[in-house]
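Chain residues, written in single-letter form:
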Amino acid sequence: MKHTSFTLAVISLAILGGCNKAPEVKQNTPTEQSVSQIAVMPPVAKKVPYEMSIHGDTRIDDYYWMRDDERKDPEVLSYLEAENAYTDAMLAHTKTLQTRLFEELKGRIQKDDDSVPVKNGDYYYSSQTRGDNEYATYVRSSDFAGTDQQVILDVNELAKEHDYYAVSGLDVSPNGNLMAYGEDTVSRRIYDIKIKDLSTGKLLEDTLEGTNGSVVWANDNKTLYYIKKDLQTLLGYQVYRHTLGTPQAEDELVYEETDTSYYMGISKSKDDSEIYIWHSSTTASGVSVLSADDVKAMPKRLIEREADLEYGISKLGNTYYIVTNLNAVNFQLMKVDIDKAGDKANWQTVIPARDNIKLEGIDLFNDYLVYQQREMGQSTIIARNLTTGKEIPLSFNDSAYTISTYGNNDLNSDTLRVYYTSMTTPASSYDVNLATGNKTLLKQQKVLGDFSADNYASERIFVTARDGIKVPVSLVYRKDMFKKEGTNPLLQYGYGSYGATMDPTFSSARLSLLDRGFVFAIAHIRGSQMLGRPWYEDGKLLTKKNTFNDFVDVTKALVEQKYGAKDKIFAQGGSAGGLLMGAVANQAPELYKGMVAAVPFVDVVTTMLDASIPLTTNEYGEWGNPNEKEYYEYMLSYSPYDQVSKQDYPNMLVTTGLHDSQVQYFEPAKWVAKLRDYKTDDNKLLFKIDMEAGHGGASGRFKRLEDTALNYAFMLDLAGVNK
C-alpha cells in the first residue's frame, strides 16, 4: 500500500505526547518557526501495556500495538511517517553530503555493462544494463560473442508501473522455446510465475500465483514444477505440477511439507534426467527425487530424514556424489551407485573428513571432480582428474579473498567458470582449464574514476577473544591515509548467524569511506563457518552470546592495535546482523560512536514464540524454541528489545522496509520507541522506513545507492568528515 505522507509538522504534532488514542490530524499550517521547533523533537510513541506470560515469567510490551499484519492501520503508518520526517529533519544538514556521495557511488558504476555469457543448452545467456536504467535486460545468443543476440526479458519495461519490482527464476524450457520467470511487486518475496513464448515474445495465459519464484521444467516442455508458499508464514510448503494451458486450480500436488522447521527448494540434475526437491532445516537436510521424463512420477526420498544428518547429491552417470556430515563434523564426500543409494552402508568415501578443513561443495564433469574447501578461514578450489587422480589447486595472490564457481552446466566441459574478488580486487570472472589450471580472465568489473587497486591494502589478522579463541578479521584501508597510529575512523561489520560466512569482497561504494580515511573491518565472528562447522555450532542456540562477545572483543583489539581511533568507531549489521548490533549496543555502548542497524531482528523472544510470524518455526534450530524454558531464559538474556536499559547508547541509524518478509517492520519500530524511552544520552536515534520495500531494500541498481549514501553520510557526519 502506498501511504500518502502528511506534512512534517502535522505528523509530529499528532504523535508527540504519547496519546492513548488515534491521533487527531490538525490541518492548519504552522509558522516556519514552529515547524523548525517541532522538527527537532523526536516522535514519542504511546504506551499500551501488553502482557505475555510463559514459564512463570511475565513480560510487558508497551509497543505491541505497532504490529499491523495488513500494514493499513492509519495510526501505525502515521507513526512511521513521523519517524521518517524526524530522520529527514535531523539529517537535513547532510543533504549536500548525501548528494555528493550518491553521485560518487553512481559515478563509479559503468552504466553500459554486460555480464559474462553462460552456456545453458544451445544458448549463451547474459544480462545487460544500459544508461540510467535501474534494471537489467536479459539476452541470449547462439554463440559466446553474441552475434545473434535476442532480448528475452527487459525488466525496465516490466517495472515501469511499479514502485518496487523484482524478477526471479528465468528458467527456459529444455527446447529453448519458453521461459518462466517470477514477478514480485510488493517485496514480500511472494512471486507470480509468468510464462513467455520466446519465439513470439507473447505471454501465455498461464499465471501461477503465490510461489517462491522458481520453477523446474519437465523434459516434455509443457510440464513444470513450482513451490507454493503459505501466505501467512511465507514458508514454501507445497510442490505442484502444472501443465501449460490448464488452470492453476487443477495443478497436481506432488509433495507437501508438514514439518514447519523445513525449507524447500527445487532443482534439476546437471544431465537433466532428475528433478530434486530439497528439504532443509537448520540442523538437517535431504532430498526427494523424481524423474524429469515421467510427468506422472512422484518424488521418493533418497533416504529417510534423520536428526542432525545433512547431505546433498550430485549425479554423474549412474553415481551419486554426496557431500554430507555423516560421521564428519566438517563434511566429507562420498559416492554410491544410484540403485544402492537408499542404504547409507553403501556410501563410499571419496574425500574423507578432516578436523580443520571444511568441505564446502563440488562441481562434477565427465572427466573431473572440482571441490571447494575452507582451511583457516580461506576457501580454495581443487580440480581432480577422475581418471588419473591428479589434483590441481587454483591459486591467487590476495591474502584473503572470495572464490566460487558458477554457470558450469556442461558435463562435457574441461573448463571451469570461476568468480573471484577480494577487498582490493573488483569482481572477476575466469575460465580455468581443468587439465592445466591455467586461468583466462574473461572480465573484471570496471570501476570508473581514478580507482587503482595499488592505492589500497588488505590484511587478515586474528584477534584473541575473552575465552582465548582466535577470531579472524579482514581489513582494508587506503595506504596513504593509514599510518596505524590510532587516528582513523573505523567501520566494523559483522553478521554471525545461520552459518553464513561473510567472505571479504570488493565494494566500489566502500571506496567513498576509504578515500575519506576510514578503515573497514569484517569481524568473522562465531555463528559463521569461517573456521569450519564448529565455528557455527559455537555461535548459536545456547552459545549465541559468543557471537556478540567476539564482535566486542574485536572492536577492543582493533583500537588497542591502533587500526581505529577509540572515539571514531562505528558498527554496522543487518537482519541477524541487526540483532548483533542490538546486543552489542546493550553490552558495550561506550565503544561505538555510531551504529547502523538495517532490518534488525531485535525482538527475538516475542517473534520466536509466535509461529504465525513468517519463517519463525524454521528458526528453532538456530535460536532455540522458547516454548522450552531453557531456551526462553537464554534467549531473553540477550534479546536486544528485552534488554534495553537506562544507559547511554551510541548514535544510531535504524532502517527497515514496511513490507519486509523476514524481519517484520514492527520489530525495529518497537525497539526504537523503547530506546527513546530508556536511553539517558542526547545522541541521535534515527529510524528510516522504506514504505515501499522489504528485506532487501529498494529495487533498482541506482535507487539502492541512495540508502548507502544516507548510511555513509550519517557516519561521516559523526566522524567530523564532511567533505
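Being a predicted model, the structure only gives us computed values, none of them experimental.

Asker: Quick one: what's the story with the overall build of the chain, residue by residue and with numbers?
Answerer: From N to C terminus, the chain includes 14 helices and 38 strands. Compactness check: the chain gives a C-alpha radius of gyration of 26 Å against a globular reference of 27 Å for 723 residues, within 12% of the reference. Along the three orthogonal principal directions, the C-alpha set of the chain runs to about 75 × 60 × 60 Å. The burial tally for the chain puts 57% of its 723 residues in the buried class. The long-range share in the chain, meaning contacts at least 24 apart out of those at least 6 apart in sequence, stands at 57%. Carbon and sulfur atoms make up 47% of the accessible area of the chain, which amounts to about 29700 Å² in all.

Asker: Before we move on, can you summarise the packing of aromatic side chains with the specific residues and values?
Answerer: All chains considered together, the criterion is met by 23 aromatic pairs. An angle of 70° between the planes, with centres 6.4 Å apart, marks the rings of W65 and Y79 as edge-to-face. Of the two residues, W65 is situated in the loop between β2 (57-61) and α3 (74-90) and Y79 in helix α3; the sequence distance between them amounts to 14 residues. Look at Y79 and you get buried, because its relative accessible area is 2%. These aromatic residues form a ring-pair network of at least three members: F396, Y401, Y420 and Y430.

Asker: Hey, could you go over the sheet that holds strand β21 (residues 332-337) for me, with residue numbers and the actual values?
Answerer: Taken in spatial order, the four strands make up an open sheet running β19-β20-β21-β22, and their pairing is antiparallel. Where the open sheet ends on each side, the last strands, each with one partner, are β19 (311-316) and β22 (348-351). Adjacent strand axes in the sheet meet at a mean angle of 30°, parallel and antiparallel pairs treated alike. One ladder, built from six bridges, connects strand β20 (residues 319-324) with β21; its direction is antiparallel. In the sheet register, T319 faces β21, and the bridge partner there is D337.

Asker: Now, about unusual backbone geometry: what can you tell me, with residues and values included?
Answerer: Phi is positive for H55, close to 55°, though the residue is something other than glycine. Inspection of the secondary structure assignment puts H55 in the loop between β1 (50-54) and β2. Taking the relative accessible area as the measure of exposure, H55 reaches 28% and is therefore partly exposed. One non-glycine residue with positive phi stands out, namely S575, at about 60°. Topologically, S575 is positioned in the loop between β35 (569-574) and α9 (576-587). In this structure S575 comes out as buried when scored by relative accessible area, which is 14%.

Asker: Could you give an account of the sheet that holds strand β23 (residues 357-364), with specific residues and numbers?
Answerer: Within the open sheet, the four strands sit side by side as β23-β24-β25-β26. Their pairing is antiparallel. Strands at the two margins of the open sheet, each flanked by one partner only, are β23 and β26 (391-393). Direction aside, neighbouring strands of the sheet carry axes that sit 25° apart on average. Pairing of strand β24 (residues 368-375) with strand β25 (residues 378-385) involves eight bridges; the strand directions are antiparallel. Bridge pairing in β25 places Q373 opposite T380.

Asker: Talk me through the packing of helix α8 (residues 545-560) against α9; I want residue IDs and the actual numbers.
Answerer: Packing of α8 against α9 brings their axes to within 9 Å, and their N-to-C directions diverge by 65°. Considered as vectors, α8 and α9 are oriented roughly perpendicular to each other. Between α8 and α9 the crossing geometry is right-handed. Counting all contacts with α8, which are made through T547, F548, N549, F551 and V552, the residues of α9 involved are L579, L580, M581, A583, V584 and Q587. Of the residues in the contact of α8 with α9, the class split is eight nonpolar, three polar and no charged.

Asker: For the packing of helix α4 (residues 95-107) against helix α14 (residues 703-718), give the residues involved together with the corresponding values.
Answerer: A pair of packed helices can be characterised by two numbers: the angle between their axes and the separation between those axes. Direction vectors running N to C along α4 and α14 enclose 130°, while the axes themselves pass 8 Å from each other. Between α4 and α14, the interaxial angle falls into the category oblique. Every pair of crossing elements has a handedness; the one defined by α4 and α14 is right-handed. Counted together, L97, Q98, L101, F102, L105 and K106 of α4 and L705, E706, T708, A709, L710, Y712, A713 and L716 of α14 form the full contact between these two elements. Of the residues belonging to the contact of α4 with α14, the class tally is 10 nonpolar, two polar and two charged.

Asker: Outline α9, supporting the account with residue identities and numerical values.
Answerer: With 12 residues, α9 ought to run about 16 Å at 1.5 Å a step, and its terminal C-alpha atoms sit 17 Å apart, in line with that. Where burial is concerned, most of α9 is hidden: 11 out of the 12 residues are buried. Among all positions in α9, only A576, G577, G578, L579, L580, M581, G582, A583, V584, A585 and N586 are buried.

Asker: Describe in detail helix α13 (residues 666-678), supporting the description with residues and values.
Answerer: Working note: α-helix, 3.6 residues per turn, so residues spaced by three or four point in the same direction. Look at α13: 18 Å from first C-alpha to last across 13 residues, which is about the 18 Å you get at 1.5 Å a residue. Considered for burial, the residues of α13 that qualify are F666, E667, P668, A669, K670, W671, V672, A673, K674, L675 and R676.

Criteria and cut-off values
Residues numbered from 1 in each chain as written. Predicted model: local features only at pLDDT ≥ 70, side-chain atom pairs only at ≥ 80, totals over all residues. Heavy atoms only, no water. Helix = DSSP H or I, 4+ residues; strand = E, 2+ residues; numbered from the N terminus. Rg over C-alpha atoms; globule rule 2.2 N^0.38 Å. Buried < 20%, exposed > 50% of the residue type's maximum accessible area, 1.4 Å probe, protein only. Contact = heavy atoms within 4.5 Å. Areas by Shrake-Rupley, 256 points an atom, 1.4 Å probe, with all protein chains shown as cover. Phe/Tyr/Trp six-rings, centres within 6.5 Å; stacked < 30°, edge-to-face > 60°. Pairing = 2+ DSSP bridges. Axes fitted to C-alpha atoms, helices over the stretch in contact; angles between N-to-C directions. Parallel < 35°, antiparallel > 145°, perpendicular 65-115°, else oblique. Left-handed = near helix turned anticlockwise from the far one by under 90°. Nonpolar A, V, L, I, M, F, W, Y, C, P; charged D, E, K, R; others polar. Expected span 1.5 Å × (residues − 1).

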